[in-house]
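What the coordinates show
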Amino acid sequence: MPHLYLCSNRMLRRTRPVVRRLWCLWKSSHHSSIVCASSNVGSQEKRPELFSCSAESTPHIPVMLNEVLHYLAIQPGQVVLDMTFGGGGHTKAILGAHAEVTVLALDRDPAAIALAQQLEKKHSGRVKPVLGRFSEAELLLVDMNLKPGSIDAVLLDAGCSSMQMDEARRGFALSKDGPLDMRMDGDRFPDMACAADVVNTLDQQALASILTAYGEERHAWKIASAIVEARRVNPITRTQQLANVIAGSFPPAALHARKDRLQRPAHVATKTFQALRIFVNDELRELHAGLLAAQTALKPGGRLCVLTFHSLEDRLVKRFLQGDDLSNLVESHFSRGTLSKAKAKSLEESCNKKSTFWTQVVKKVITPEKADVEKNPRGRSAKLRVALRR
């Protein structure tokens with residue numbers, strides 16, 4: 001179960017003991033029909049096919065590729081850490097930049113690692129697949145006999161990959177019906193909670209807090225109430241089932257009132273799906289851990305490029321590169337409005353300190369060119385930040 005202390009307000013922290021008790025009760029029950037890894041969620045899906053992708057057949061357009069290659073400024077003989085490998089688009093371009101470059105391809109998703117292993121066969125000795133999360137990266141590099149300060153460049157690509165979104169059985173996309181899963185690790189951890197576990201187990205208050213914190217959803221309480229009412233009739237186990245439950249809590253005129261960055265109609269469940277995905281995969285804490293791992297791995301003068309896809313990620317990266325203390329993410333990143341004046345002032349003073357680890361190459365965030373967005377609409381919300389390791 002992801003750590004609940006990352007949520008953004010006091011409400012979820014007050015409900016934390018209750019949520020833990022609910023979770024323990026659910027875990028101790030052997031009659032649940034909700035568990036993603038072992039029972040009815042996705043039971044009609046053939047789980048082994050989850051890892052049957054091929055490097056040739058998987059469509060993948062790497063986000064802001066030209067900008068990434070420009071700012072990584074790769075030189076012959078360098079070692080580059082690609083976090084996250086995903087569909088491999090960035091890694092392929094990095095390999096093509098210089099014949100002598102070696103890429104460490106990290107990903108928590110076994111499906112992505114299967115693609116990296118295919119690429120490894122084509123580029124003998126130049127691609128090294130590494131299965132693991134950001135929070136495991138530091139130890140994984142040590143296991144590969146790579147000392148701290150030995151990596152020349154790091155690309156950290158946060159968020160969900162197109163490959164994951166396109167696979168209905170992964171349960172990430174509300175536009176495709178599949179089991180309500182959303183685990184980026186696939187079946188690596190059978191006891192790991194999936195999205196169906198969250199929506200069918202947590203109470204209304206906890207659900208609303210998750211939607212507020214991770215989806216910045218204004219109607220979090222209304223949506224949480226609709227979820228709780230619907231699951232009393234039947235467990236919510238499918239993506240479109242959840243999307244319909246959420247849509248049913250809004251009047252018809254409001255269903256397509258929201259617009260995305262391209263001014264296209266956006267489904268009212270979009271932010272809920274984002275919030276559940278972030279919560280299930282503990283994405284913000286993992287992102288922070290990945291930034292710390294990059295800080296340890298890079299040589300002095302090494303380059304870090306970070307791609308993010310929503311404001312929660314970008315704010316965290318921005319503050320990390322500024323040298324802010326993010327050791328307590330609740331206080332330093334999410335809940336500043338709830339702190340006492342004295343504590344807020346102390347936190348502000350600590351945040352104004354200049355980073356001793358990073359020099360930002362470009363102070364302002366870099367966004368995709370219009371032509372890139374037209375070619376790859378999924379990358380429309382991408383933001384790139386670049387820094388040099390001191």
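Below you will find a few notes about this structure.

Reading the values: rules and limits
- Residues numbered from 1 in each chain as written.
- Predicted model: local features only at pLDDT ≥ 70, side-chain atom pairs only at ≥ 80, totals over all residues.
- Heavy atoms only, no water.
- Helix = DSSP H or I, 4+ residues; strand = E, 2+ residues; numbered from the N terminus.
- Buried < 20%, exposed > 50% of the residue type's maximum accessible area, 1.4 Å probe, protein only.
- Contact = heavy atoms within 4.5 Å.
- Areas by Shrake-Rupley, 256 points an atom, 1.4 Å probe, with all protein chains shown as cover.
- Expected span 1.5 Å × (residues − 1).
- Pairing = 2+ DSSP bridges.
- Axes fitted to C-alpha atoms, helices over the stretch in contact; angles between N-to-C directions.
- Polar contact = N/O pair within 3.5 Å; in protein donor to acceptor, adjacent residues only side chain to side chain.
- Parallel < 35°, antiparallel > 145°, perpendicular 65-115°, else oblique.
- Nonpolar A, V, L, I, M, F, W, Y, C, P; charged D, E, K, R; others polar.

1. Notes on the overall build of the protein
On a plain count of helices and strands, the protein comes out with 16 helices and seven strands. When each of the 390 residues of the protein is scored for burial, the buried share is 53%. Counting only contacts in the protein whose residues sit at least 6 apart along the sequence, the fraction spanning at least 24 positions is 71%. Working note: accessible area of the protein is about 17600 Å², and carbon and sulfur atoms make up 52% of it.

2. Quick notes on helix H11 (residues 270-281)
Between its first and last C-alpha, H11 extends 17 Å over 12 residues, near the 16 Å set by a 1.5 Å rise per residue. Across the 12 residues of H11, nine count as buried, placing the element largely inside the fold. Among the residues of H11, Thr272, Phe273, Ala275, Leu276, Arg277, Ile278, Phe279, Val280 and Asn281 are the ones counted as buried. Its buried side turned inward, H11 meets helix H7 (195-201), helix H8 (204-215), helix H9 (220-233), helix H10 (239-247), helix H12 (283-297) and helix H13 (311-322).

3. Quick notes on the sheet that holds strand E4 (residues 151-157)
The strand order across the open sheet formed by seven strands is E3-E2-E1-E4-E5-E7-E6, and the pairing between neighbours is mixed. The open sheet has two free edges, formed respectively by strand E3 (127-131) and strand E6 (358-360), since each of these has just one partner strand. Along the sheet, successive strands turn relative to each other by an average axial angle of 20°, direction set aside. With five bridges joining them, strand E2 (residues 102-107) and E3 adopt parallel strand pairing. Bridge pairing in E3 places Asp107 opposite Leu131. On top of the sheet, helix H4 (residues 110-122) reaches E2 and E3; it is set at about 165° to E3, its chief contact. Across the sheet, H12 is in contact with strand E1 (79-83), E4, strand E5 (298-308), E6 and strand E7 (383-389); its angle to E5 comes to roughly 155°.

4. What about the side chain of Arg385?
Within the fold, Arg385 resides in strand E7. Judged by relative accessible area, which is 7%, Arg385 ranks as buried. At 2.7 Å, the side chain of Arg385 and the side chain of Asp314 are in polar contact. Beyond its immediate chain neighbours, meaning those up to four positions away, Arg385 contacts Leu304, Cys305, Val306, Asp314, Val317, Lys318, Leu321, Lys363 and Val365.

5. Describing unusual backbone geometry
The amide bond that connects Met83 to the next residue, Thr84, takes the cis arrangement and shows omega of 20°. Locating Thr84 in the fold gives a position in the loop between E1 and helix H3 (89-97). In this structure, Asn145 is a non-glycine residue whose phi angle is positive, near 65°. By the element assignment, Asn145 lies in the loop between helix H5 (137-143) and E4. By relative accessible area, Asn145 is classed as exposed at 69%. Phi is positive for Glu216, close to 50°, though the residue is something other than glycine.

6. Comments concerning the packing of H11 against H12
Orientation of H11 relative to H12, taken along the N-to-C sense of each, is 55°, at an axis distance of 6 Å. Relative to H12, the element H11 is oriented oblique. Taking contact as the criterion, the partners of Arg277, Ile278 and Asn281 in H11 are, on H12, Glu283, Leu284 and Glu286. Its residues assigned to classes, the contact of H11 with H12 comprises two nonpolar, one polar and three charged.

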